[in-house]
Amino acid sequence: MAAATNAVTSWVPCPRQNWRSSNRNPPPSAATRDYAQNRPLSARLLSNGSRGYIGLMPTSLSKAIHSTRRGHRITTNMCSILACYDPNGALADERETLMRDLSARMRSRGPDGSGYYGNEKFGLAHERLAIMDPEGGKQPIVYEDAKYSVCANGEIYNFRQLQDKYNLSAAKTGSDSEVLLQLYRHKGPDFVKELNGIFGFVCVGDGGDKMLAARDHCGIKPLYMGYGENGSIWFA
């Protein structure tokens, strides 16, 4: 999770060390037909002490990789998000055009619609794969009167339970992403601890004075962070 307020950013990583060992996951026997090789393909020690490796790649997966290398692209449809936190307004005049152009490069992930919302301090762009509430769930989702907005990718499995638990006001859409906006207003950044799902999202509060970026604890939905001109921070 990352929280940005007045250009101060903090990250809370998921501490998973030594989560996999060869003792708990012995290699299959040589009689297993679906495996192309009987040895690990690569292994390296990560900075947190855990061991990251790919071992005993199945033949079916190996074929898919080789076909991709030959130029046959494998495309996975999902929503895409792009956010810019720009407290100094360095990109205020051209941000919308820039972000719409950058977001359009990810349109193959979300072919069902595009959206943008922002002001002089921030911008949110979204390419949508319409699953929940295809007609009314367009993003970014915005509460203009309260100056809150969100763009998200993924699924929040327990969104209805959370709406009932905190007696949240009636949602404006049928999208499970709207609960992120509701909870951010209600609880602040701590609400992420109660989410059950696979997700990457950016929430904006107080018209751009506050920004929260978070992903699911396993990183099933990716979230990248980078730094731009004059203190701007980018998420995708």
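What you are looking at is a predicted structure, and each value in this text was computed from that prediction instead of being measured.

## Quick notes on the confidence of the model for the protein chain
Taken over all residues, the pLDDT of the protein chain has a mean of 75, while the share at 70 or more is 64%. Every residue in residues 30-46 scores below 50 in pLDDT, and together they form 34 contacts with partners more than four places removed in sequence or on other chains. Note on residues 50-58: pLDDT under 50 across the span, and 38 contacts to partners over four residues away in sequence or across chains.

## Observations regarding the pattern of salt bridges
Scanning all chains against the criterion turns up seven salt bridges. Between Glu 194 and Lys 165 there is a salt bridge, with the nearest N and O atoms lying 2.8 Å from each other. Taken as a pair, Glu 194 in the loop between helix H4 (178-187) and strand S10 (197-205) and Lys 165 in helix H3 (residues 159-165) lie far apart in primary sequence, 29 residues in all. Put simply, Lys 193 and Asp 190 hold a salt bridge, and the shortest N to O gap is 4.0 Å.

## Observations concerning H4
The buried fraction of H4 is high, at seven of ten residues. Those residues of H4 lying buried are Glu 178, Val 179, Leu 180, Leu 181, Gln 182, Leu 183 and Tyr 184. The elements touched by buried residues of H4 are strand S8 (141-143), strand S9 (148-156), H3, S10 and strand S11 (210-215).

## Observations regarding the side chain of Gln 163
When you line up the elements, Gln 163 lands in helix H3. Leaving out residues up to four positions away in the same chain, Gln 163 has contacts with Leu 168, Ala 171, Val 179 and Gln 182.

How each quantity is defined
Here the residue numbers are simple positions, counted from 1 along each chain's written sequence. Per-residue local features are limited, in this predicted model, to residues with pLDDT of at least 70; the limit for side-chain atom pairs, both in listing and counting, is 80 or more; totals at the level of whole chains, interfaces and linings are taken over all residues. As a convention, hydrogens and water are excluded, and side-chain values are obtained from all of the structure's heavy atoms. A residue's pLDDT is the predictor's confidence in that residue, given on a scale from 0 to 100. Pairs of residues are marked as contacts when any of their non-hydrogen atoms sit within 4.5 Å. Between Lys or Arg on one side and Asp or Glu on the other, a salt bridge is scored when a side-chain nitrogen of the former is within 4 Å of a carboxyl oxygen of the latter. A run of H or I in DSSP counts as a helix once it spans at least four residues, and a run of E counts as a strand once it spans at least two, with each numbered from the N terminus. Exposed residues in this analysis have more than 50% of their type's maximum accessible area, buried residues have under 20%, and partly exposed residues fall in between, with area computed by a 1.4 Å probe over protein chains only.

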